[in-house]
Amino acid sequence: MSLVLVSPEPSAPDQTNATATTETPMARPDPAALAAKNRQEEQVLKKRFIGMVLGLVFAHVYVALALAYSYMDNHNHLHTCWLPLFGAFICGMIFVFHVSIS
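## As for the confidence of the model for the chain
Per-residue pLDDT for the chain has a mean of 85; in total, 76% of the residues score no lower than 70. Here helix α1 (residues 15-21) stands out as the element of the chain with the lowest mean pLDDT, 55, in contrast to helix α3 (residues 82-101), whose mean of 94 is the highest.

Shown next, in the form of structure tokens:
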């Protein structure tokens with residue numbers, strides 16, 4: 001014994017499929033436009049890489065300067081030059097900024 005579902009309405013083609021097939025397909029991307037976009041993105045990436053390298057190098061230079069200008073007095077007190085340490089912090093933040101946006 002099988003169960004057959006019968007509806008009183010006649011079956012009609014689904015109208016949603018007809019509208020979906022009449023839309024235009026996606027156009028192929030222009031190779032020249034893609035090449036220009038890739039060149040622009042490469043330039044941006046090069047600038048970010050240069051910013052990362054310079055930030056890291058200058059942070060190390062400023063730490064070295066802070067160590068060079070720090071000294072101990074006769075009472076064994078350490079006197080630190082804070083300006084190069086602040087420069088190292090700024091250069092470190094420049095490095096972190098360029099790493100985070102890449």
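## Details of the environment of Leu-85
With respect to the element layout, Leu-85 can be found in helix α3. Using a relative accessible area of 30% as the deciding quantity, one classes Leu-85 as partly exposed. Not counting chain neighbours up to four residues away, the residues in contact with Leu-85 comprise Ala-66 and Thr-80.

## What to know about the environment of Tyr-69
In this structure, Tyr-69 sits in helix α2 (residues 31-69). For Tyr-69, a relative accessible area of 54% translates into the label exposed. Measuring from C-alpha to C-alpha, the distance between Tyr-69 and Trp-82 comes to 9.4 Å, with 13 residues separating the pair along the chain. Each residue touching Tyr-69, except ones within four places of it in the same chain, is listed here: His-79 and Cys-81.

## Considerations on unusual backbone geometry
It is generally the case that most residues other than glycine have a negative phi and that most peptide bonds are trans. Positive phi values are uncommon outside glycine, yet Asn-76 reaches one of about 60°. The residue Asn-76 is located in the loop between β1 (71-72) and β2 (78-79) in this model.

## Some words on the UniProt feature "transmembrane region" (unreviewed entry) in the chain
The UniProt record annotates "transmembrane region" (unreviewed entry) at residues 49-70 and 82-101. End-to-end, the C-alpha atoms of residues 49-70 are 32 Å apart, and along that stretch the chain is 95% helix and 0% strand. Helix makes up 100% of residues 82-101 and strand makes up 0%, while its end C-alpha atoms are separated by 29 Å.

## Structural notes on the side chain of His-98
Here His-98 lies in helix α3. The exposure class assigned to His-98 is buried, which follows from its relative accessible area of 17%. The contact partners of His-98, leaving out residues within four places of it in the chain, are Arg-48, Gly-51 and Met-52.

Cut-offs used in this document
Residues numbered from 1 in each chain as written. Predicted model: local features only at pLDDT ≥ 70, side-chain atom pairs only at ≥ 80, totals over all residues. Heavy atoms only, no water. pLDDT = per-residue confidence, 0-100. Helix = DSSP H or I, 4+ residues; strand = E, 2+ residues; numbered from the N terminus. Buried < 20%, exposed > 50% of the residue type's maximum accessible area, 1.4 Å probe, protein only. Contact = heavy atoms within 4.5 Å. UniProt positions renumbered as here; feature names shortened; annotations may be inferred.

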